[in-house]
Amino acid sequence: MHEFDWSSIPGALPFLWDGMKISLLITAQAVLIGIVWGTLLAMMRLSSIKPLSWFAAGYVNFFRAIPLVMVLLWFFLIVPRFIETLLDFPPGSDLRLSSAMMGFALFESAYYSEIIRAGIQSVPKGQISAASALGMTYGQSMRLVVLPQAFRNMVPLLLTQAIILFQDTSLVYVSALADFFGAAYKVGDRDGRLVELLLFAGAVYFVICFSASQIVKRLQKKYHPA
Amino acid sequence: MNYQWNWGVFLQPSATGDDTYLGWMISGLQMTIALSLSAWVLALMLGALVGVLRTVPNKLLAGLATAYVELFRNIPLLVQLFIWYFVLPELLPPDLGNAFKQSHPVMQQFLSSMVCLGLFTSARVAEQVRAGINSLPRGQKNAGLALGFTLPQTYRFVMLPMAFRLVVPPLTSEFLNIFKNSAVCSTIGLLELAAQGRQLVDYTAQPYESFIAVTLAYVMINVVVMLLMRRLETKVAVPGYIGGK
Amino acid sequence: MIKIANVSKQYGDFKVLTECSTTVSKGEVIVVCGPSGSGKSTLIKCVNGLEPFQSGEIVVNGISVGDRKTNLSKLRAQVGMVFQNFELFPHMSITENLVIAQTKVLKRSKDEAMDKGMKLLDRVGLRAQAAKYPGQLSGGQQQRVAIARALAMDPICMLFDEPTSALDPEMVNEVLDVMTELAREGMTMMCVTHEMGFAKSVANRVIFMDQGRIVEDDSKDAFFANPRSERAQQFLAKILQH
């Protein structure tokens, strides 16, 4: 049987915390971009201007068809080379990390866009009619009437997606970013204590995600009592 | 830009000499499909069981099922995979652990990946099954019981057949997810599609062609699965109900 | 046939049923009415054990419903029930709906069950719909199938839980006609319904419930001519206005 030895964890905590900060940073950045870009995509998708709607549909369906791992590999291995040759960057400038983070955000936007589209569609059509009857333009009725209602309905789903996204950040492992998981793996590998460090990482993710999902559940009950 | 496009690269013999690069891709595709399908079978069986248990009146069984779902839903897939692959063999009884470690490396990778993907997905399937059962009108259960069915019979003849039909559309997206999630298994060295793509980049010096081909392969899997599931959906549609004719 | 004695039921602090007692003899037709939330549906569901109750006793055909040792499935197989929302099984054809419980619960042969099912479909006038699915029938048709499904089990008595309140007005009568015929043939029936016309023409007794209590339990003539409680008077005044 395996003899557990947890002694390498306490000393590694500052390093692990640095990793956690990167995980949280990537999460925050992707949630922000995801909501903004996702809203734009959703509005394009629902727009009556065909090319915009086609573009948004193509974007969303494409990103939802391929694995996140593939997207991260693209943005880690291929895209930086392309940009470097295209813009003639001086050799040695490392775009790979920011590129991977950008790829992550672009990927998650596709998922956010679907949630937001459903949210917009959940607002009764009569609301737009009522807004236009009051003399509002399409943009005004979206901004002042539809989106505020849509977002209120969507808050639990957006937060749940943020929890999924936080879990997804562990995959930046493939692009050699030292997020929390990458840090835990490194420490385990270095000290020959992979078993303990992986279990520790699993427990940390579980505690964070489980508590967060319970909070979301409570919020949901508070605002949408069934 | 002075990149030399060369789609002919796939027909060239591979670096190891016994195959073409196209052959690498096809073997990766086969691995992805074999892994996803076997994990899907596991996920459906476990997911159906756990989903049903979450709805039964017995508090202990329902609680255990809830714990199962929460455990697999709140730990990232990658972490679960590493735990199955690196941790579990160390914690097994020595005989079993050693037997695993002495088996063929590809076998080790495949087994860990299959169990990991299967259990991860089963928790999500369970949630869909539970939602399907809970979305049935409450009266259906009473109607079954009132006819003299026992509770298990009511599940078997009345609630489950209907719940499974309701659950087919949401399960489509879980089925698609399992193919996409299988790419995570490239991290433990399993040579599935994404891993082969990475290898192609290293060996061919034609990164664009390699990645475009692999990406398109995933898109293709996606389209095929969607078409198949759509056929299944029309097949199980209940006449006179939403989705039925 | 059915004896209800001092039955009480509560959810937490909320009393759904308080000390309800009545009896139904063989061949009797009882109409249970009262405002919504008065506990009438709960009471009727207690009779076949779909709703548990904390105190009192219900005995159906000599079998105690509340007794832990009672095989409830066996009892329910002898007590037919018709629901407000029909509750046909949507994934089965009409024929399968009629056959399934006969074969799986009563262990009848498929042929025998089919035979019985078809006869009953004939009786409710829906033979032509046998191959269809519930979702393809109107509400009134579905409810008639549901009655046939319950009758296929050769029940010793029938419980009706607001069988017409989910129906469009023009379909109410086709269901009431089937129920009336059943009553005339001597079926023991307990019906929760607001159809006072049905009560007047078919019922032997009317039970009026309010806030979980049985307030009136009288012959139909006495009930309609001279309801004793103020609540029943108000209720009748409201419902008969239409």
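As a reminder, the structure under discussion sits directly above these lines.
A quick note: this is a predicted structure, and the numbers were derived from the prediction, not measured.

J.: Before we go on, may I ask you to explain the overall build of chain B in this structure?
T.: On a plain count of helices and strands, chain B comes out with nine helices and zero strands. Along the three orthogonal principal directions, the C-alpha set of chain B runs to about 75 × 55 × 30 Å. Out of the 245 residues in chain B, the part that is buried amounts to 53%. Surface summary for chain B: the accessible area is close to 11,200 Å², and the carbon and sulfur share equals 66%. For chain B, the distance from the average position of its 16 positive side-chain charges to the average position of its 11 negative side-chain charges is 20 Å.

J.: I'm lost on the arrangement of the chains in this one. Help?
T.: Contacts are most numerous between chains A and B, taken over all two pairs of chains that touch. Taking C-alpha atoms as the reference, chain A and chain C come no closer than 19 Å and do not contact one another.

J.: Before we go on, may I ask you to explain a nonpolar patch on the surface in this structure?
T.: Residues and elements named next belong to chain A. Residues Val-155, Leu-159, Ile-215, Leu-219 and Tyr-223 make up a contiguous nonpolar surface patch of about 460 Å² in total accessible area. Going through the elements one at a time, helix 6 (138-168) and helix 8 (194-223) are the ones with two or more residues in the nonpolar patch. Examining the composition of the nonpolar patch, we find that three residues originate from one element, helix 8, more than from any other. Note on placement: Leu-219 falls in helix 8.

J.: Is there a simple way to explain the interface of chain A and chain B in this structure?
T.: By a widespread convention, an interface's size corresponds to the accessible area lost as its parts come together. Across the boundary between the two partners, chain A contributes 40 residues, which contact 34 residues of chain B. Summing both partners gives a buried area of about 3,400 Å² for chain A against chain B, and 76% of it is carried by carbon and sulfur. Taken together, chain A and chain B are joined by one salt bridge. Residues B:Glu70 and A:Lys217 are paired through a salt bridge, measuring 3.8 Å at the closest nitrogen-oxygen approach. Breaking the side of chain A that touches chain B down by element, the ones donating at least two residues are helix 2 (50-65), helix 3 (68-87), helix 7 (180-191) and helix 8 of chain A. Ranked by the residues each element gives to the side of chain A that touches chain B, the list is headed by helix 8 of chain A, at 13 residues. Taken together, the residues that form the side of chain A that touches chain B break down as 30 nonpolar, seven polar and three charged.

J.: Honestly, the interface of chain B and chain C in this entry has me stumped. Any pointers?
T.: Listed as interface residues are 23 residues of chain B and, on the opposing side, 24 residues of chain C. Between chain B and chain C, the buried area comes to about 2,000 Å², and carbon and sulfur atoms account for 67% of it. By the criterion of area lost to chain C, the three top residues of chain B are B:Ala146, B:Leu147 and B:Phe157, representing 28% of everything that side buries. Counting across the interface, chain B meets chain C through zero salt bridges. At the boundary of chain B and chain C, one finds three residue pairs in polar contact (both at pLDDT 80 or more). For the side of chain B that touches chain C, the secondary-structure elements that each account for two or more residues are helix 6 (138-146) and helix 7 (151-181) of chain B. Of all the elements, helix 6 of chain B adds the most residues to the side of chain B that touches chain C, at seven residues. Of the residues assigned to the side of chain B that touches chain C, the class counts are 13 nonpolar, eight polar and two charged.

The rules behind the values
- Residue numbers restart at each chain and count upward from 1, following the sequence in its written direction.
- Chains carry letters from A onward and ligands carry numbers from 1 onward, assigned in written order.
- Whole-chain, interface and lining totals are the exception, using all residues; otherwise, since this is a predicted model, local features are given only for residues with pLDDT of at least 70 and side-chain atom pairs are given and counted only at 80 or more.
- The side-chain numbers reported here are obtained from all heavy atoms of the structure, hydrogens and water having been left aside.
- Only DSSP runs of H or I with at least four residues qualify as helices, and only runs of E with at least two residues qualify as strands; both kinds are numbered from the N terminus onward.
- Only protein chains enter the accessibility calculation, which uses a 1.4 Å probe. A residue is then buried if its area is under 20% of the maximum for its type, exposed if over 50%, and partly exposed in between.
- Residue-level accessible areas treat just the shown protein chains as cover; the underlying method is Shrake-Rupley with a 1.4 Å probe.
- In this tally, Asp and Glu contribute negative charge and Lys and Arg positive charge; neither His nor the terminal groups of the chain are included.
- Each charge is placed at NZ for Lys, CZ for Arg, CG for Asp and CD for Glu.
- Every residue pair with non-hydrogen atoms within 4.5 Å of one another is taken to be in contact.
- Only residues whose relative accessible area exceeds 30% and that take part in no salt bridge are eligible for patches, with like-charged residues grouped when within 9 Å of each other and nonpolar side chains (Val, Leu, Ile, Met, Phe, Trp, Tyr) grouped when within 5 Å.
- In what follows, salt bridge is the name for a side-chain nitrogen of Lys or Arg lying within 4 Å of a carboxyl oxygen of Asp or Glu.
- When two parts are put together, the accessible area they lose, computed with a 1.4 Å probe and summed over both, is reported as buried area.
- Basically, the charged four are Asp, Glu, Lys and Arg, the nonpolar ten are Ala, Val, Leu, Ile, Met, Phe, Trp, Tyr, Cys and Pro, and anything else, Gly included, counts as polar.
- Here a polar contact is taken to be a pair of N or O atoms separated by no more than 3.5 Å, where protein atoms must pair a possible hydrogen donor with a possible acceptor and residues adjacent in sequence count only if both atoms sit in side chains.

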